[in-house]
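A look at the structure
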Amino acid sequence: MAAPDASLVLLEAERLALQVGERWLCCEFSLRLAAGECLVLLGPNGAGKTTLLHTLAGLRAPTVGAVRLGGRPYAEWDSLAAARFRGLLAQQQPDHFSASVLQTALIGRHPHLGRWGWESAADVALARAALGELGLADFAERDILNLSGGERQRVSIATLLTQAPQLFLLDEPTNHLDLHYQIAVLDLFARLKGAGRGVVMVLHDINLAARFADHVILLDGKGGVLAGTSAEILQAEHLGRAFDHPIRRLDADGRTLFIPD
Amino acid sequence: MAGWRRAAFVLAALLVAAGLAFGWALSAGDLPIGFREVFAALFRGADGMAADVVRELRLPRAVAGFVCGGLLALAGALMQVLLRNPLADPYVLGISGGAAVGALLAILVGLAPWLVDASAFGGALAATLLVFGLAHGDGSWTQTRLLLTGVIVAAGCGAAVTLMLSLVTDTRLQSMLFWLMGDASGATRPWPALGVLFVGLVVVMPVARDLNVLARGEIAAQALGVRVQRLRYLLYILASLLTAAAVTLVGSVGFVGLIVPHLMRLAVGNDQRLLLPAATLAGGTLLTLADTAARTVVAPEQLPVGVLTALIGVPVFLFLLSRNPR
């Protein structure tokens, strides 16, 4: 795929507000993500990070405001064309039926194939390359039902790579992953970002957010939202208020670390 | 790997198996008829008693068995995707229960056979609408709610069936029991159901890959461009119609709808583009074989075909399961 125009705005949200039942998850705020940028959503449990991510993915309509993908509202997108532009890593991938790892990764080609199309050798090569990226090259014929949680998470990420969108929306991509793969996966998306893709991800680890984010949206779970650059938002005082726990900032070896007091 | 080439090969093999099953069904019976005579009766318009037996008696029955098996297997495969539950069968949402209530009511008041069929079909549709309406309720439509509603409606139908069985003591009891166990001998008009099966396949094959995606979870499917809600409505309506046609034609034949999709999944994998037509052919073949066996093994007595499908299906299934421990 040709490198997309770096100035391209992939995702915009304008005066967005979300309500679930009676509760407002966030008050009106706006965001704008250009190609080559990474946005991290942070916040305590139940603050609405996943709901916000699904709204940005066009899976649910915002209560107030508008979301535009590639400059156009979701309503104007054909659902398959949208799936070629943005991909979502969902938090839970229920697998009730057995399938090989390769077959599962090939699901990502769905929006690229015609109504009667079958996966071509090129699609299979793409899926195998994606599995290779996640250290799953030898797993292609394994049954997903026999994999561990972390291995399944890597299969899901490989499926997303096979989908090859411009914009990656990741719901806790480091879930179930060991330390090595947490960094490997985030490095992988940082490389994709460098190649002109966009990344929005929900993370729990503030330090990983500090390492990979360009922009941060911090939800406090009471409807408050702080949005801005990573340096603006990732401050002990903001974080401590949002997570309702005192947080201390340490600077060591040129790295910034946040630890709970 | 070329998936479609493998699919074509598997389907061709299953077609041959179906042809062989038909050959046996048309030639075996009280009056053994050679393959050559069967061929002459079907394609050369031969005269004589043997040809009449093949055309008037055995062909409709063999087609009825095949169509019913195909309908149930396809409906079962669709239900398993819809409910994302490998243990779902076409009857789990109360459709066969509704059909049974309709049919038994008609038998109870002594209606003509074709009205019994019509009543069964009406009962199946009524149960479908009832479950759909109750599960849909407030607009949310989780599969747990759908499943629970279906199970409850099926339980209610079961109670009504038991009540009706306990009310009659004369010969009607016999016809009720035979209807409940499934019986292809009275199925003289299988052609409308064959049409339903054909339409069902034509409708579902273009969305077969969407079903593969749906099996990976609803949110993932939506993000991959599948119109999930619309697809689920389509699945539900289609699986219900297929099941209603099957139980109207032959009755509540058990096991085919649960075991054949499983069997095929173990044998050919879980790609719906291959699984759906393969399950249809295999289900039809299995029921044709079972029905032929049911009328020949202890001739002139006839066994209920549902018993035979269980007797054939269960050991084969257990064998595949133990051979293929996934």
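Residues numbered from 1 in each chain as written. Chains lettered and ligands numbered in written order. Predicted model: local features only at pLDDT ≥ 70, side-chain atom pairs only at ≥ 80, totals over all residues.

1. Things to note about the overall build of chain B
Just so we agree on the cut-off: Elements are defined by DSSP. Helices are runs of H or I of four residues or more, strands are runs of E of two residues or more, and each kind is numbered from the N terminus. Within these notes, the globule rule equals 2.2 Å times the number of residues to the 0.38 power, and the radius of gyration is based on C-alpha atoms. Three exposure classes are used, based on other C-beta atoms lying within 10 Å of a residue's own C-beta, which is placed from the backbone: buried for 20 or more, exposed for 12 or fewer, and partly exposed in between.
When helices and strands are counted, chain B shows 14 helices and 0 strands. N-terminal to C-terminal, the α/β element order of chain B is α-α-α-α-α-α-α-α-α-α-α-α-α-α. For 326 residues, the compact-globule estimate of 2.2 N^0.38 gives 20 Å, and chain B sits close to it at 20 Å. In terms of principal-axis extent, the alpha carbons of chain B reach across some 60 × 55 × 35 Å. A total of 326 residues make up chain B; the buried ones form 51% of that total.

2. Description of the overall build of chain A
Just so we agree on the cut-off: Any two residues are considered in contact once their C-beta atoms, placed from the backbone, lie within 7 Å.
Across its full length, chain A carries 9 helices and 12 strands. For 261 residues, the compact-globule formula gives about 18 Å, and the C-alpha radius of gyration of chain A, at 19 Å, lands near that figure. When its C-alpha atoms are laid out on the principal axes, chain A stretches across 55 × 45 × 35 Å. For chain A, with 261 residues in total, the buried portion stands at 42%. Once local pairs closer than 6 in sequence are excluded, the contacts in chain A between residues at least 24 apart make up 67%.

3. Section: the interface of chain B and chain A
By a widespread convention, an interface's size corresponds to the accessible area lost as its parts come together. Stated formally: Nonpolar residues are Ala, Val, Leu, Ile, Met, Phe, Trp, Tyr, Cys and Pro. Charged residues are Asp, Glu, Lys and Arg, and all others, Gly as well, are polar.
Counting residues at the interface gives 22 residues for chain B and 25 residues for chain A. Those elements giving two or more residues to the side of chain B that touches chain A turn out to be helix H1 (3–27), helix H9 (208–214) and helix H10 (218–223) of chain B. Along the lines of polarity and charge, the residues of the side of chain B that touches chain A split into 10 nonpolar, 7 polar and 5 charged.

4. Considerations on the nonpolar core
Applicable threshold: Each nonpolar core reported here comprises buried Ala, Val, Leu, Ile, Met, Phe, Trp, Tyr and Cys residues connected via C-beta atoms within 7 Å.
If you look at the biggest cluster of nonpolar residues, it comprises 184 residues, and the most contacted ones within it are Val40(A), Cys68(B), Leu71(B) and Leu78(B). With 17 residues, helix H3 (residues 49–82) of chain B is the single largest residue contributor to this core. For Val40(A), the contacting residues outside a window of four places in its chain are Met201(A), Leu203(A), Ala209(A), Phe212(A), Ala213(A) and Val216(A).

5. Here's the deal with the UniProt feature "transmembrane region" (unreviewed entry) in chain B
Residues and elements named next belong to chain B. Spelled out, the test is: UniProt positions are given in the numbering used here, feature names are shortened, and annotations may be inferred rather than shown by experiment.
Here the UniProt-annotated "transmembrane region" (unreviewed entry) positions come out as residues 62–83, 90–112, 118–135, 147–169, 189–208, 233–260 and 303–321. Taken end to end, residues 90–112 has its terminal C-alpha atoms 27 Å apart, with 61% of it in helix and 0% in strand. What you have in residues 233–260 is 79% helix and 0% strand, and the ends, taken at the C-alpha atoms, are 23 Å apart.

6. Description of the environment of Glu172(A)
All names here are of chain A. Note on placement: Glu172 falls in the loop between strand S7 (167–171) and helix H6 (179–194). Classification of Glu172 by C-beta neighbours within 10 Å gives buried; the count is 21. Spatially, the C-alpha atom of Glu172 lies 25 Å from that of Leu8, the residues being 164 residues apart in sequence. Other than its neighbours up to four places away in sequence, Glu172 contacts Gln91, Val202, Leu203 and His204.

7. A few points about the sheet that holds strand S3 (residues 38–42) of chain A
All names here are of chain A. For the record, the criterion: Only strands joined by at least two bridges in the DSSP assignment are considered to pair. Helix axes are fitted to C-alpha atoms over the stretch in contact, other axes to C-alpha atoms as well, and angles between N-to-C directions run from 0 to 180 degrees.
Reading across from one edge, S6-S7-S8-S3-S9-S10 is the order of the 6 strands in this open sheet, with mixed pairing throughout. Unpaired on one side and paired on the other, strand S6 (86–89) and strand S10 (225–229) mark the two borders of the sheet. Strand-to-strand twist of the sheet, defined as the mean angle between neighbouring strand axes without regard to direction, takes the value 10°. Two elements, S3 and strand S9 (residues 215–219), share 4 bridges in a ladder whose sense is parallel. Opposite Val40, over in S9, you have Val216 as the bridge partner. Each of S3, S7 and strand S8 (198–202) touches H6; the most contacted strand, S8, lies at about 150° to it.

8. Overview of the packing of H3(B) against helix H11 (residues 228–249) of chain B
Residues and elements named next belong to chain B. How we decide: By definition in this entry, angles of less than 35 degrees are roughly parallel, angles greater than 145 are roughly antiparallel, angles of 65 to 115 are roughly perpendicular, and the rest are oblique. Left-handed describes a crossing in which the near helix is turned anticlockwise from the far one by less than a right angle; the clockwise case is right-handed.
With their axes 8 Å apart at the nearest point, H3 and H11 run at an angle of 150° to one another. One way to sum up the angle between H3 and H11 is to call them roughly antiparallel. At the point where H3 passes H11, the crossing takes the left-handed sense. Seen from H3, the contacting residues are Ala64, Val67, Cys68, Leu71, Leu72, Leu74, Ala75, Leu78, Met79, Val81 and Leu82; seen from H11, they are Arg232, Leu235, Tyr236, Leu238, Ala239, Leu242, Thr243, Ala245, Ala246 and Leu249. Tallied by class, residues from the contact of H3 with H11 come to 19 nonpolar, 1 polar and 1 charged.

9. What to know about the environment of Val168(B)
Residues and elements named next belong to chain B. Its location among the elements puts Val168 in the loop between helix H6 (143–167) and helix H7 (171–181). Distance from Val168 to Val10, taken between C-alpha atoms, is 48 Å for residues 158 residues apart in sequence. Setting aside anything within four residues of it in sequence, one finds Val168 in contact with Leu108, Leu173 and Met176.

10. Things to note about the sheet that holds strand S2 (residues 23–34) of chain A
Residue and element names in this part refer to chain A. Taken in spatial order, the 4 strands line up as S2-S1-S4-S5 in an open sheet, and their pairing is antiparallel. Taken across any chain shown, the strands that pair with only one partner, and hence form the sheet edges, are S2 and strand S5 (72–73). Here strand S1 (residues 9–20) pairs with strand S4 (residues 64–69) via 5 bridges, running antiparallel. Bridging across to S4, Ala13 finds its partner in Val67. Set on the sheet, helix H1 (residues 49–56) makes contact with S1, S2 and S4; between it and S1 the angle comes to about 130°.

11. Remarks on H3(B)
Count 3.6 residues to each turn of an α-helix, and residues three or four apart come out pointing the same way. Residue and element names in this part refer to chain B. Put simply, the rule is: In this scheme, a helix's expected span is set at 1.5 Å multiplied by one less than its residue total. The reported bend at a residue is simply the angle between two axes, fitted to the 7 residues ending at it and to the 7 residues beginning with it.
Taking 1.5 Å per residue as the helical rise, H3 with its 34 residues ought to reach 50 Å, and the 48 Å between its terminal C-alpha atoms agrees with that figure. A maximum bend of about 40° is found in H3 at Arg58, where proline Pro60 lies one to four positions downstream. In the stretch just after H3, Arg84 is the one whose phi turns positive, near 45°.

12. Quick look at H1(B)
Residue and element names in this part refer to chain B. Across its 25 residues, H1 extends 37 Å between first and last C-alpha, which sits within 8% of the 36 Å expected from 1.5 Å per residue. Within H1 the residues assigned to the buried category are Val10, Leu14, Ala18, Ala21, Phe22, Ala25, Leu26 and Ser27. Buried residues along H1 sit in contact with helix H2 (35–43), H3, helix H12 (256–268) and helix H13 (272–296). With its phi angle positive at about 150°, Gly29 sits one or two positions after the end of H1.

13. Considerations on the pairing of strand S12 (residues 255–260) of chain A
Residues and elements named next belong to chain A. Counting buried residues along S12, only 0 of its 6 residues qualify, which leaves the element largely exposed. Bridge count for strand S11 (residues 247–252) against S12 is 6 bridges, and the pairing is antiparallel. The residue of S12 that forms the bridge with Ala252 is Arg255. In sequence, S11 turns back onto S12 through a hairpin of 2 residues, with Asp253 there showing a positive phi of about 50°.

14. Observations regarding the pairing of S9(A)
Taken across its 5 residues, S9(A) has 4 buried, putting it largely inside the fold. What sits between the antiparallel neighbours S9(A) and S10(A) is a turn of 5 residues, in which Gly221(A) has the positive phi angle 85°.

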